[in-house]
2 protein chains.
Amino acid sequence: MRIYTKAYSPLLPLVPEIKELLAQHRFNDLKKIFVDFEPADIAEPLSKLDLKEKATLFSLWDIDFATDVFELMEIEDQIALLNAVDKSTRIEILDELSPDDRVDLFEVLPEEMVSRFLSIMDKKEAKETEELLKYESDSAGGRMTPEFAWVRDGVTVGQTLKTLRKTAKSLETVYYIYVLDKYDRLSGVVTLKQLVLADPRTRIKKIMHRNPVTVPVDMDQEQVAKEISRYDFIALPVVDYIGRIKGIITFDDLMDVIKEEDTEDMYKLGAAGKPPDDYLASNPLSIVKHRMIWLFVLIMLGFVTGTVMELYSGVLAKFIALSVFIPLLMEVGGNAGTQATTVVVRGLATGEVKLKDIWKVVKKEFAIGITLGIGLGALSLMRAVFFQKEPLFWATVGLTTIATVVVSTTIGSVLPLLCEKLGFDPAVMSGPLITTIVDITSLVIYFEIASHLLI
Amino acid sequence: MRIYTKAYSPLLPLVPEIKELLAQHRFNDLKKIFVDFEPADIAEPLSKLDLKEKATLFSLWDIDFATDVFELMEIEDQIALLNAVDKSTRIEILDELSPDDRVDLFEVLPEEMVSRFLSIMDKKEAKETEELLKYESDSAGGRMTPEFAWVRDGVTVGQTLKTLRKTAKSLETVYYIYVLDKYDRLSGVVTLKQLVLADPRTRIKKIMHRNPVTVPVDMDQEQVAKEISRYDFIALPVVDYIGRIKGIITFDDLMDVIKEEDTEDMYKLGAAGKPPDDYLASNPLSIVKHRMIWLFVLIMLGFVTGTVMELYSGVLAKFIALSVFIPLLMEVGGNAGTQATTVVVRGLATGEVKLKDIWKVVKKEFAIGITLGIGLGALSLMRAVFFQKEPLFWATVGLTTIATVVVSTTIGSVLPLLCEKLGFDPAVMSGPLITTIVDITSLVIYFEIASHLLI
């Protein structure tokens with residue numbers, strides 16, 4: 001039994017031995033090493049081997065196991081490996097790959113390689129792949145697997161189990177069996193649990209769950225993920241516009257979707273652009289391209305702060321000590337605004353906050369802003385006391401802090417909600433964008449208060 | 001068949017009708033409305049009803065259905081409902097709740113209420129609950145359900161199926177059947193798929209998967225989520241220190257964990273403190289408490305910017321135009337730094353970036369920093385040209401931009417890696433923290449370059 005305390009592969013310490021056995025061509029001993037390990041345990045040690053060693057292992061392994069390991073590899077490594085193994089292994093892997101993983105791979109391959117691979121594959125698998133490639137990669141259709149357990153709606157439980165025994169081996173999941181009418185439309189679903197519990201003579205129609213939850217082929221994957229996590233199903237059927245089942249999406253694919261979507265949201269919140277497919281392998285220039293867009297927008301907006309500074313240069317010249325507190329006040333506002341925008345953006349993503357709550361949110365953030373503002377205002381006022389002997393200067397710094405924090409939390413919470421309202425992704429209201437917007441308001445507030453109190 | 005285009009409940013339009021039927025006590029008609037709907041569809045319309053109406057529905061529904069709906073409700077609503085329904089419904093709900101959900105609820109209840117509920121519950125369920133309450137709520141033990149399908153290792157496939165038929169009804173999942181030795185230690189696992197495919201006379205020992213992946217009861221839930229998403233299992237067995245199985249964690253619990261953990265990371269990246277259990281229902285003061293901690297740390301660090309400004313006040317006094325570009329330069333640095341820290345923190349969380357990649361990351365971010373710096377430097381220089389006639393001032397602004405961006409992306413990428421190295425959560429290196437640190441360096445760079453070029 002293996003008990004993990006860290007996510008590491010228990011095979012890792014065996015890498016030197018594996019390398020030695022490979023060098024000595026002791027293939028039978030090699031095979032023994034991998035018995036009883038999960039494919040997920042192989043991925044990491046595999047990365048320590050060179051391409052030729054990997055290719056040897058893949059031709060050695062049982063094809064089911066080899067494909068399971070293959071499916072866990074990074075796409076770049078998959079491509080390299082496919083080009084390194086002998087032709088028969090290549091064909092076997094391509095044919096055995098689960099259709100959704102195959103499509104994920106084919107989508108990034110050059111066209112020439114796709115047609116070369118399709119031409120050596122089994123006719124049926126090739127056709128299926130071509131069908132799947134037609135769907136958008138981030139839609140339900142692009143994520144689904146077209147292989148699932150199904151029966152016609154006229155059969156009995158016993159007949160269903162018999163059908164399952166014939167087809168189960170090649171299926172990713174058999175825990176839900178979909179019941180189709182003669183037009184291939186989904187009329188219900190039964191679980192394997194129900195089948196095992198039921199009398200074999202019972203008609204499927206009698207025990208099936210009618211009115212199953214489905215997703216349309218063109219639904220965005222983010223929405224699909226929300227659906228599946230709402231219902232806690234192992235799989236969801238994907239249907240076309242007249243209700244014919246085209247495939248299923250399983251929970252493990254959707255865990256990947258949730259992670260991808262959360263990554264996208266975090267990148268947006270950090271104004272870091274589109275996440276690269278593989279950060280470490282990406283060319284810095286391709287990353288620069290994504291980040292530059294936001295930095296460009298932000299610097300343009302930032303130019304406004306320069307204009308504000310110019311506008312109030314008279315105030316600044318008369319009371320130069322004001323400049324000492326500019327960085328601090330800008331930071332305080334930016335930080336409070338970033339907090340509020342983070343909370344609202346994440347709340348909208350998880351569904352905890354809804355558009356209809358807009359007033360509730362604004363009132364709450366306003367109350368939070370006042371409380372935080374008073375606390376931080378007291379601190380910055382104390383800092384001002386240490387710096388200057390002028391009580392009106394202390395008041396300027398303290399009052400600006402309060403006003404800035406209130407305005408920042410309010411702006412930080414309202415703007416994402418406004419985005420949602422207008423149909424944009426609220427996550428574009430990133431920390432840096434809110435910070436830049438808030439910087440402008442902070443400066444104006446500061447100079448306005450200063451010009452009233454000090455001059 | 002229902003096809004969703006948005007995550008909304010198809011029951012929502014029926015709320016007025018439900019309210020009317022409730023008012024008229026037409027309970028049979030009411031029951032008909034809910035036939036064929038998923039519990040997940042009930043949660044939203046339910047929130048439109050008042051407490052008394054809810055309590056009536058819960059006493060009306062079949063207890064299995066009622067508990068499923070109950071499990072999907074927010075904890076605050078669960079508590080209110082339990083106190084609103086009649087005693088027999090209360091007992092039924094408490095007994096029928098799945099053990100992990102019951103524990104989640106009991107963990108936030110006042111002690112007095114816990115003992116009151118335990119005293120009215122079924123003895124067996126009460127004891128089980130007390131056992132589970134001993135585990136940390138965010139550990140594998142605190143997340144698991146102690147009810148799972150199991151057999152002894154001496155039985156056949158046929159005997160296993162027979163056992164399953166008896167126990168399946170009360171189990172959350174029966175797709176994995178755990179095989180225990182006589183000391184209750186886990187010796188293997190079979191899937192329901194294997195059972196259906198195998199000859200009933202086969203010994204379980206012959207087809208079971210030995211050496212199953214397990215998690216220890218005290219493993220942190222974040223780590224458990226990483227394990228399950230690594231292996232794509234529907235459930236993972238939770239074992240104690242001598243390998244006895246104590247419960248299982250299912251994929252749907254882990255989807256919740258992934259979401260929780262991502263929320264925590266986003267809050268950290270936004271320096272927004274600990275996520276509240278329910279943002280909308282939380283008292284503003286309790287939210288203030290969480291946010292204040294970071295704002296306090298950040299304002300203290302921000303005081304350093306004031307000191308830097310004081311130190312260079314001589315430079316500033318001689319060339320007051322310098323102050324106009326302070327906000328812009330601080331923003332540019334903060335934005336570039338936030339981008340880098342977002343990318344590295346998320347990379348570390350998903351496992352895409354590892355500690356050993358530190359030099360690769362630093363080199364990459366340095367290259368990115370130089371490229372971005374030159375682009376942004378050109379823009380800020382142009383802005384300076386519009387503002388001042390002094391070429392050395394242009395150079396100061398342009399060069400500061402380049403240097404600031406390079407330093408910011410490097411700091412933004414190195415600090416999270418350093419945190420990971422020292423065993424802290426890299427997500428504490430939030431955008432606001434990096435921004436504040438980078439602000440200090442930007443100011444120093446600016447004044448240093450200015451004092452060399454301009455004075």
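(A) Layout of the overall build of chain A. A tally of regular secondary structure across chain A gives 22 helices and seven strands. Taken over the C-alpha trace, chain A has a radius of gyration of 30 Å; the compact-globule value for 455 residues is 23 Å, which it surpasses by more than 25%. Expressed along its principal axes, the backbone C-alpha trace of chain A runs to roughly 90 × 60 × 45 Å. For chain A, the residues scored as buried account for 45% of the 455 residues in total. For chain A, the proportion of contacts with a sequence separation of at least 24, taken over those separated by at least 6, is 72%.

(B) Inspection of the pairing of strand β7 (residues 245-250) of chain A at higher detail. Residue and element names in this part refer to chain A. Extensive coverage of β7 is indicated by the burial of six of its six residues. For strand β6 (residues 235-239) and β7, the ladder comprises five bridges, and the chain directions are antiparallel. By the bridge assignment, alanine 235 is partnered in β7 with threonine 250. In sequence, β6 turns back onto β7 through a hairpin of five residues, with glycine 243 there showing a positive phi of about 85 degrees.

(C) Representation of the sheet that holds strand β3 (residues 176-180) of chain B within the structure. All names here are of chain B. The strand order across the open sheet formed by three strands is β2-β3-β4, and the pairing between neighbours is mixed. In this open sheet, the two strands that pair with only one neighbour each are β2 (150-152) and β4 (186-191). Across the sheet, the mean angle from the axis of one strand to that of its neighbour is 30 degrees, orientation sign disregarded. As defined by bridge partners, β3 adjoins β4 across five bridges and the pair is classed as antiparallel. Looking at β4, one finds that leucine 180 is bridged to leucine 186.

(D) Representation of the domain arrangement of chain A within the structure. Annotation of chain A at the domain level lists domain 1 (12-134), domain 2 (150-250) and domain 3 (284-453). Each of domain 2 of chain A and domain 3 of chain A has a C-alpha centre, and these two points are 52 Å apart.

(E) A look at the relation of the copies chain A and chain B. Under the fitted operation, chain A is carried onto chain B by 0.1 Å of movement along the axis and a turn of 180 degrees, and the coordinates agree to an RMSD of 0.2 Å. Classification of the inter-copy transformation places it as that of a two-fold axis. A share of 100% of interface residues in chain A that are also interface residues in chain B marks the association as one of identical surfaces.

(F) Highlighting the packing of helix α3 (residues 39-46) of chain B against helix α5 (residues 63-71) of chain B. Residue and element names in this part refer to chain B. Their axes nearest at 8 Å, the elements α3 and α5 cross at an angle of 65 degrees. For the pair α3 and α5, the crossing hand works out as right-handed. Contact residues: α3 offers Pro39, Ile42 and Ala43, while α5 offers Phe65, Asp68 and Val69. Considering only residue class, the contact of α3 with α5 consists of five nonpolar, no polar and one charged.

(G) Quick peek at the nonpolar core. If you look at the biggest cluster of nonpolar residues, it comprises 117 residues, and the most contacted ones within it are Phe325 and Val344 of chain A together with Phe325 and Val344 of chain B. Those residues in contact with phenylalanine 325 of chain B, other than ones at most four positions away along the chain, are Gly306 of chain A together with Ala384 and Val397 of chain B. Within the second largest apolar cluster, 82 residues are counted, among which are Leu164 and Ala225 of chain A together with Tyr178 and Phe233 of chain B.

(H) How the structure looks around the environment of aspartate 50 of chain B. By the element assignment, aspartate 50 of chain B lies in the loop between α3 and α4 (51-60). C-alpha separation for the pair aspartate 50 of chain B and histidine 452 of chain B, spaced 402 residues apart in sequence, amounts to 71 Å.

(I) Just the interface of chain A and chain B, in detail. Taken together, the 108 residues of chain A in the interface contact 108 residues of chain B. Looking at the side of chain A that touches chain B element by element, the count peaks at 16 residues for helix α19 (residues 326-350) of chain A. Broken down by class, the residue content of the side of chain A that touches chain B amounts to 61 nonpolar, 24 polar and 23 charged.

(J) Broad picture of the environment of serine 408 of chain B. All names here are of chain B. Along the chain, serine 408 falls in helix α21 (residues 391-421). Here serine 408 falls in the buried class, since 31 other C-beta atoms lie within 10 Å of it. With 37 residues separating them in the primary sequence, serine 408 and isoleucine 445 have C-alpha atoms 12 Å apart. Apart from the residues lying within four places of it in its own chain, the contact partners of serine 408 are Gly333, Ala336, Gly337 and Val438.

(K) Quick look at the packing of helix α19 (residues 326-350) of chain B against α21 of chain B. Residue and element names in this part refer to chain B. At a minimum axis distance of 8 Å, the contact between α19 and α21 shows a crossing angle of 30 degrees. By the angle between their axes, α19 is roughly parallel relative to α21. Between α19 and α21 lies a crossing whose hand is right-handed. Residues belonging to the contact of α19 with α21 are distributed by class as follows: 12 nonpolar, 11 polar and one charged.

(L) How the structure looks around the environment of threonine 400 of chain A. Residue and element names in this part refer to chain A. Relative to the assigned elements, threonine 400 resides in helix α21 (residues 391-421). A sequence separation of 249 residues divides threonine 400 from valine 151, and the C-alpha atoms of the two residues are 70 Å apart. Apart from residues lying up to four places away in sequence, threonine 400 is in contact with Leu329, Ile445, Tyr446 and Ile449.

(M) How the structure looks around helix α8 (residues 99-108) of chain B. Among the residues of α8 of chain B, those classed as buried are Asp100, Arg102, Val103, Asp104 and Leu105 of chain B. Tucked inside the fold, the buried residues of α8 of chain B contact α6 (75-84), α10 (123-133), α11 (140-143) and α16 (251-269) of chain B.

(N) Seen up close, the confidence of the model for chain A. Residue and element names in this part refer to chain A. Averaged over every residue, the pLDDT of chain A is 88; residues scoring 70 or more account for 98%. Mean pLDDT per element in chain A: strand β1 (residues 2-3) is the minimum at 34, and strand β3 (residues 176-180) is the maximum at 95. Note on residues 1-7: pLDDT under 50 across the span, and 17 contacts to partners over four residues away in sequence or across chains. Scoring the predicted complex yields pTM 0.78 and, for the interface, ipTM 0.78.

(O) Examining the sheet that holds β3 of chain A more closely. Residue and element names in this part refer to chain A. Strand order in this open sheet of three strands is β2-β3-β4, and the pairing throughout is mixed. Both edges of this open sheet fall to β2 (150-152) and β4 (186-191), since each of them pairs with a single strand only. Along the sheet, successive strands turn relative to each other by an average axial angle of 30 degrees, direction set aside. In terms of strand pairing, β2 meets β3 through three bridges, oriented parallel.

(P) A look at the pairing of β4 of chain B. Counting buried positions over the six residues of β4 of chain B gives five, a clear majority of the element. Where β3 of chain B hands over to β4 of chain B, the hairpin turn is made up of five residues, of which aspartate 184 of chain B adopts a positive phi near 70 degrees.

(Q) Molecular detail of unusual backbone geometry. Residue and element names in this part refer to chain B. The backbone of histidine 25 shows a phi angle near 55 degrees, a positive value even though the residue is not glycine. Mapped onto the elements, histidine 25 comes out in the loop between α1 (15-23) and α2 (27-34). Positive phi, normally seen in glycine, also occurs at asparagine 211, with a value near 60 degrees. The exposure class assigned to asparagine 211 is partly exposed, which follows from the 17 C-beta atoms found within 10 Å.

Rules of the game
- Residues numbered from 1 in each chain as written.
- Chains lettered and ligands numbered in written order.
- Predicted model: local features only at pLDDT ≥ 70, side-chain atom pairs only at ≥ 80, totals over all residues.
- Helix = DSSP H or I, 4+ residues; strand = E, 2+ residues; numbered from the N terminus.
- Rg over C-alpha atoms; globule rule 2.2 N^0.38 Å.
- Buried ≥ 20, exposed ≤ 12 C-beta atoms within 10 Å, placed from the backbone.
- Contact = placed C-beta atoms within 7 Å.
- Pairing = 2+ DSSP bridges.
- Axes fitted to C-alpha atoms, helices over the stretch in contact; angles between N-to-C directions.
- Domains from an automatic or database assignment.
- Least-squares fit on C-alpha atoms with pLDDT ≥ 70 in both.
- Left-handed = near helix turned anticlockwise from the far one by under 90°.
- Nonpolar A, V, L, I, M, F, W, Y, C, P; charged D, E, K, R; others polar.
- Core = buried A, V, L, I, M, F, W, Y, C linked by C-beta atoms within 7 Å.
- Parallel < 35°, antiparallel > 145°, perpendicular 65-115°, else oblique.
- pLDDT = per-residue confidence, 0-100.

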